[in-house]
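# Structural characterization, general
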Amino acid sequence: SNDLRGILPQRVINQYMETRAHSVRDAAKNQDPREAQENGVELHWCGKNEANLVIELDGHTLADHWQPQGENMIRIPTASGSHQLRVSTADGEHVNNHDLIVGEREWKVLDIGHIYDRVVLEPNGSSQFSFEGGRSACSFLCCAAAITLQEKLKSKDGEISCADIVEKDVAMVLSRGMRMFSEEGKVFIEAAGLEHTSVGEVLMLCDSVLGGRIKVAEDGSFWGILTEESSLHDALQQAVALAKQQSAGKAQPIFVAITRPPETLLIVIREDAKLFGVLDTHTR
């Protein structure tokens, strides 16, 4: 569900709804006001903020460029049926092509832009949700991912750009993490009436399995409010500063677990903060 009422503060919901209304007005300004805008394409920008984008729909270029730093979502009304969408930068660099079908009274939502250099998926399409009770396993999977990446990086002097992650690595993370969850965590979680565990709790529960290979750094827990724009950035900056302080001059990757119950994801980041990878165990 995309209904965030009851989860986010009302002021955030109001701001979001105002943004959506503003985008609809912008997209509609060249439309005949008698035309009902009941279906179309909703584009969400996921790339760099300074982009200046050209949108072509069915071979026709929209009159105005889309500049996401002012608006990272835009709605384009269309007739229902098949359409071709092309997004490029103003200087001609290709960004995305989409062949899509818009239904009656449907707004087709598309993520536009390059977030990652590449994405590696579990080869069989499996996830934590393929296992009984697996919805509570994400912190276990993040710990399994940290161990797997440590092993991959051991012979690469910790340089994460040298970690050639392939599908079998993702499969190993899933297998390792779900085994820890099934053998060490599931009974505890059910007995305690919990739906989610923190990474710290996983390390405590699975100490005999992990053998001290990963641990939370001293002073390595940070709290933030994710509805504040700078919160995630600030937490990562704190993690980088702490890692540099505790690494005794030796370059090493930094593993940051971000928990927003009931979800945990893992970010591995280079000390210069210019290269990172993300493990997200949630299929969406």
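Look up: the structure comes first, before these words.
Notes on the structure follow. (Residues numbered from 1 in each chain as written. Predicted model: local features only at pLDDT ≥ 70, side-chain atom pairs only at ≥ 80, totals over all residues. Heavy atoms only, no water.)

## Some details on the environment of Asp99
If you trace the backbone, Asp99 turns up in strand 6 (residues 94-102). Residue classification places Asp99 among the exposed positions, given a relative accessible area of 65%. Dropping the residues within four chain positions of it, Asp99 is found in contact with His83 and Gln84. Engagement of the side chain of Asp99 in a polar contact is seen with the side chain of Gln84, the distance being 3.4 Å. (Helix = DSSP H or I, 4+ residues; strand = E, 2+ residues; numbered from the N terminus. Buried < 20%, exposed > 50% of the residue type's maximum accessible area, 1.4 Å probe, protein only. Contact = heavy atoms within 4.5 Å. Polar contact = N/O pair within 3.5 Å; in protein donor to acceptor, adjacent residues only side chain to side chain.)

## Remarks on the sheet that holds strand 5 (residues 81-89)
Within the open sheet, the four strands sit side by side as 3-2-5-6. Their pairing is antiparallel. Two strands lie at the open edges of the sheet, namely strand 3 (60-61) and strand 6, each paired on one side alone. Pairing between strand 5 and strand 6: eight bridges, direction antiparallel. Among the inter-strand pairings, Ser88 is bridged to a residue of strand 6, identified as His94. (Pairing = 2+ DSSP bridges.)

## As for the pattern of salt bridges
Taken as a whole, this structure holds seven salt bridges when the rule is applied. Where Glu38 meets Arg105, a salt bridge forms, and the shortest distance between an N and an O atom there is 3.3 Å. Taken together, the residues span a long stretch of sequence, with Glu38 in the loop between helix 1 (10-28) and strand 1 (40-45) and Arg105 in the loop between strand 6 and strand 7 (107-112) at a distance of 67 residues. Glu56 is paired through a salt bridge with Arg86; the nearest N and O atoms lie 3.9 Å apart. Here Glu56, found in strand 2 (residues 53-57), pairs with Arg86, found in strand 5; they are 30 residues apart in sequence, far enough to count as distant. On the accessibility criterion, Glu56 (24% relative accessible area) is partly exposed. Among the ionic contacts, a cluster of salt bridges with common partners joins Glu151, Arg176 and Arg213. (Salt bridge = Lys/Arg side-chain N within 4 Å of Asp/Glu carboxyl O.)

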